[in-house]
Amino acid sequence: MGKENQFRFGKYNILALYLILSLIRYKLALAELRYSIPEEVREGTVVGNVAKDLGLEKSSLSYRRFRVVSGSKDAFFDVNTDNGSLQVRKKIDREEQCHGSGACLMELKILVENPLEMHHIIVEIADVNDYSPSFPEKEQQFEIAEHTPPGTRFQLLAARDFDAGINSVRTYTLTSNDHFEIDLSQSDEDKIPFLVLKKSLDRERKNKHLLFVTAVDGGKPPRSGTLNVSITVLDINDNRPTFSQDTYQIQVYENVSVENILTRVTAIDPDEGVNGEIEYSLSKALPRNVYDIFELDSVSGQIKLKKKLDYEESEIYKLDVEASDKGTPPLIGRSRVIVKIKDVNDNSPELEVTSLSNTVPEDSKPGTVISLISVTDKDSGVNGKIISRITNQVPFELKPSYKENIYSLVTKGHLDREETSLYEIMILATDCGEPPLSTVKSLSVQIIDVNDNIPYFDQNPLQFYLSENNVAGKSIFSLSATDNDINENAAVTYQIVKGMTEKDVTAFLNVNSENGQISALKSFDFETVKNFQFQVVATDSGTPSLSSNVTVNVFILDQNDNAPVILYPLSSNGSAEGVEEIPRNVNAGHLVTKVRAYDADIGYNGWLLFSLQEVTDHSLFGLDRYTGQIRTLRSFTETDEAEHKLVILVKDNGNVSLSATATVIVKLVEPKEAFAASDVKSATAIDEGDNVTFYLMITLGAVSVLFLVSIIVLVAMQCSKSTDYTSKYLQETNYDGTLCHSIQYRSGDKRYMLVGPRMSIGSTIVPGSHANTLVLPDRRRVSEEFQVVATDSGTPSLSNNVTVNVFILDQNDNAPVILYPLSSNGSAEGVEEIPRNVNAGHLVTKVRAYDADIGYNGWLLFSLQEVTDHSLFGLDRYTGQIRTLRSFTETDEAEHKLVILVKDNGNVSLSATATVIVKLVEPKEAFAASDVKSAEKLEEEDNVTFYLMLTLGAVSFQVVATDSGTPSLSNNVTVNVFILDQNDNAPVILYPLSSNGSAEGVEEIPRNVNAGHLVTKVRAYDSDIGYNGWLLFSLQEVTDHSLFSLDRYTGQIRTLRSFTETDEAEHKLVILVKDNGNVSLSATAAVIVRLVEPKEAFAASDAKSAAKVEEEDNVTFYLMIILGAVSVLFIISIIVLIAMQCSKSTDYTSKYLQETNYDGTLCHSIQYRSGDKRYMLVGPRMSIGSTIVPGSHTNTLVLPDRRMASEEVRP
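Residues numbered from 1 in each chain as written. Predicted model: local features only at pLDDT ≥ 70, side-chain atom pairs only at ≥ 80, totals over all residues. Heavy atoms only, no water.

S.K.: Teacher, can you tell me more about unusual backbone geometry here?
M.R.: Only a minority of non-glycine residues have a phi that is not negative, and only a minority of peptide bonds are not trans. Residue Pro221 follows Lys220 across a cis peptide bond; omega there is -5°. The omega torsion across Asn460 and Pro461 is 5°, close enough to zero to call that bond cis. Topologically, Pro461 is positioned in the loop between strand 32 (456-457) and strand 33 (462-467). For Glu40, which is not glycine, the phi dihedral falls at a positive 65°. Inspection of the secondary structure puts Glu40 in the loop between strand 1 (32-38) and strand 2 (46-49). In the Ramachandran plot, Arg65 falls in the positive-phi region, its phi being about 55° despite a non-glycine side chain. Relative to the helices and strands, Arg65 resides in the loop between helix 2 (50-54) and strand 3 (67-69). (Helix = DSSP H or I, 4+ residues; strand = E, 2+ residues; numbered from the N terminus.)

Following this line, the structure appears as structure tokens:
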């Protein structure tokens, strides 16, 4: 007993050591328990409390999915997740599950998740005495010769008991008799009963004996089985057969073929005759399956194979062979044949996958366990050794467990569902046999989405075009963001970022949070708002949610919703009526008056045409349809009436045109009356032409002169004559009396003008400026710039601002306009006559067209839509030139019709057609016609006008056609030529500029500035327009990208963070300025940023402040202060001279400069108009883009009139 306890103690120590080493080797928490239960217990019987033995909390069993993982189809056990006990699921028959007398052990795997743990449990099934011993036959017969000596042994059939151990067969009993007794012989694990003759038989007394052999097991209570033994007493046969070997041993492979002879047994009987003839047979005490597998030839003793062998079913077979003679009674000899089966690799490996879950989140860390995999092979030895691996390229790997052929499938890299959402993992298990066998198992793993992708817009910023006068409350456009995640993580909601300014348009916008439909709560007016910008935030529904924003630029498209407004003539009651008096003796072509009108719309909607709606005599007056000039068509006669009424219709070119009418009464007077009337009206005519009179300009000059005079009087007590400077300024002979006297200054993005009681059209009054400060519309700007300030609600509040630039983008809303050919009725038709003898390549004519759009929208292509003979004429698709393809023959028709299609390159192209009739004439006729058209042909060949147009921007001229009759008659036509811009001007850097003219500059800033500090602003200019002149700024080179940022639209350079002690003291930034032409042109500027200590920076800023102000606005604020001081001092000097008293100076500046955001920009000028030119009297500094008037002593500048859309040149 002590040895047994010592053995058990040692066994448990070894088992514990093995478990500890296994746990160290593998990171999963593992354990092994052992329980024992009897077989045939009822369902639900508790085997043991596994959770308690494993140290698991009962409350966490359900959450951790505490369960039994069984590899077999029939599970005999399960666990109770409420109390953690292991229970019997169904009855267990030990004899069915375990063969033999050894211990019957069942191995279970207990799996716990979160964290993952696998525990092995051994359940021993204890035998119960539920089977009685049984004999293979109910009766056994013996024939025993009567002279058989006592002590002779006869083998009885052995009883079999399916129970094991003590419950198996323990003893045999024999019914009481005089001749026989029973004896047991131990053979291997079996007890073989023998019938022993204890007393000689006497056939004459009793020839047959009937006995009962009882087999009894060791159970409590014991069970038994009975065998009937019948003994027949025979006559003498005294020699029994003898085998050559007591035991035969053979080895065969399990794949040996059926009917193959395994071995042969031989026995010898020395008797003669029938008593020596031997028959072989298998013992009847063998298991039944032996008779199905093996066959013994009764004559030859050969043992054959009847059925395929299987090493996995049984490794060894023991065959008891009997040799019996034919004597009476027959004698039997016995031997045993042991057949050992050798394993062959005939079983492929089997994979059992225990999936914790077939889904895994994409943010799982490498090493996350996905599944447990068990691999088995029924073969043994090398044939049962298995190698497992993953065959395809997946981010998973197999990690071996502490136990052989058990693996964990774990992640070996980062997963991305957006890249791969489903993995098919191919696991290959191969044994080491010859040849090796393998099994492939496919395991599908679905990747669960995690909210790791932010919504994004396909384009940022977005640009939308909206026609004005939209319906309030309806959707105007929609936007959409994409999220690469799925389900809730991809459900995007939209929200507009509300602005903080008063003019913020987001208050009038609403977005559908689900579909991104944006609707306007009010109707937009192009004349009020041309464009605006806002931001939309797209947020997904993941946890935590991710978001991104997009900047939306909305451009308002003009509609023809403004009727023309008559500016002249205007009567005193405001109606468009006027009276013009002209001498009766004026010649043809005399300018009677000019009707002026204005349309707030732009483009074709604002292009005005003038026509005579009503006139008393059509032969007297003509109206220019483009300029509104009314001229006489002929000289007046005595019979012409003295008063004529003209009604002029002014009509725009919108799709649905709007119009207005003006009435002009023309009175014919005698030359003397006209001369006297002109003297009376000259002053008022001057005042009506402009908003400020010329006399105000003379007064301003006199104030300055008299101020100098007063200073001289006070100092030297002498008098000086005043000088009238008017004459030298007004040396233009065509001066028409238009005068403007103004003081202009700029504050922020507005321009202000100080004027008298009359105000400029299109200007607004500044609140609090006593009705004499006007805000002038800045017509130079093609973009809007404003700042948005973001302020938090903290204490103290912090804020930051951003500059927003809104650029107006062109849309293809203008169809091409045919400029040539044009017929007298205005249709695009013309006739061209060419000699019949011209050669191939002769220029027939050139179709000219114009498109008001820019870029691709204004790029025109020409194509032949219809032609009578395609072999005769060719059309250049880019220039519109029509040329001959071959010489003409006599068979060619004399007249050919060509229809030319002119189409722009917009997304939805617009087009127009022109018709050219080509007539073939004889050379003499063509020669006469060429004299009339020679000047036009030269222009077409050399494109001289084209280069002139590039300089002027637009050209308007008149062509006079005169016949050769007597008297000659003539007519004229006005030709308007519009120039299309090309990207032929590179950007020009305006700031920074060094002394040598290179685009370089040095900026000094304090080291202690915060993030967002404005370092400087790069300014550049491009002479082109539209996209060709739209400049973008980018950082081409910078020493430290974390320090500085550049606004790509405004050119502002700001700090990204605060400076540290380790930052260098000098940084070089190279800025690339690039336009947006098809072939973009660029320029570069270099800015050296130096970090200085705060004291040094403060001193430097004082020295540079005046220059900064001048660079911002080109004219200083101090000039305006001086101008006001001159006027004040002049008044003081007058009072001193008259009253000889002192007077306090009055500063009138305050009432003019009440704008709080005034930034110091001042322009003091005296402007007047003479003819089609505007003049400004300035100091030594001149306006960019102006020219000097000859003879004006270099202080009179000709200003470009930016209001004019075209130039008119009269011959």
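S.K.: Would you take a moment to explain the pattern of salt bridges for this structure?
M.R.: Close approach of charged atoms allows side chains of opposite charge to pair. The full count for this structure, using the stated rule, is 21 salt bridges. In this structure, Glu107 and Lys403 form a salt bridge, with 2.1 Å as the shortest nitrogen-oxygen distance. Of this pair, Glu107 sits in strand 6 (residues 105-112) while Lys403 is found in the loop between strand 28 (396-400) and strand 29 (406-411), placing the two residues 296 residues apart along the sequence. Under the relative-accessibility criterion, Lys403 is labelled partly exposed at 23%. The shortest N-O distance in the salt bridge between Arg417 and Glu418 comes to 3.2 Å. Connected via shared salt-bridge partners are Arg65, Arg67 and Glu113. (Salt bridge = Lys/Arg side-chain N within 4 Å of Asp/Glu carboxyl O. Buried < 20%, exposed > 50% of the residue type's maximum accessible area, 1.4 Å probe, protein only.)

S.K.: I tried to follow the sheet that holds strand 27 (residues 386-390) on my own but got confused; where do I start?
M.R.: Note on sheets: strands pair through backbone hydrogen bonds, and any given pair is parallel or antiparallel. Ordered by their spatial adjacency, four strands build an open sheet running 25-31-30-27, and the pairing between neighbours is mixed. Each end of this open sheet is capped by a strand with a single partner; those strands are strand 25 (359-361) and strand 27. Direction aside, the axes of adjacent strands within the sheet are offset by 30° on average. (Pairing = 2+ DSSP bridges. Axes fitted to C-alpha atoms, helices over the stretch in contact; angles between N-to-C directions.)

S.K.: What exactly am I supposed to notice about the packing of aromatic side chains here?
M.R.: How two aromatic rings sit relative to each other is set out by the distance from centre to centre and by the angle between their planes. Applying the stated criterion across every chain yields a total of 15 aromatic pairs. Measuring from centroid to centroid gives 5.5 Å for Phe396 and Tyr423, while their planes differ by 80°, and the two rings are edge-to-face. With a gap of 27 residues between them, Phe396 in strand 28 and Tyr423 in strand 30 (residues 422-431) connect regions that are remote in the sequence. Like Phe396, the residue Tyr423 is buried in the burial classification. Their ring planes at 55° and their centres at 6.1 Å tell us that Phe873 and Phe888 sit as a pair that is tilted. Of this pair, Phe873 sits in strand 61 (residues 873-875) while Phe888 sits in the loop between strand 62 (881-884) and strand 63 (895-904), and the two are 15 residues apart along the sequence. The burial state of Phe873 is the same as that of Phe888; both residues are buried. Taken together, the ring pairs in this structure connect Phe524, Phe532 and Phe534 into an aromatic cluster. The lysine or arginine in question, Lys90, covers the ring of Phe76, its NZ or CZ lying 5.1 Å from the ring centre. (Phe/Tyr/Trp six-rings, centres within 6.5 Å; stacked < 30°, edge-to-face > 60°. Lys NZ or Arg CZ within 6 Å of the ring centre and 35° of its normal.)

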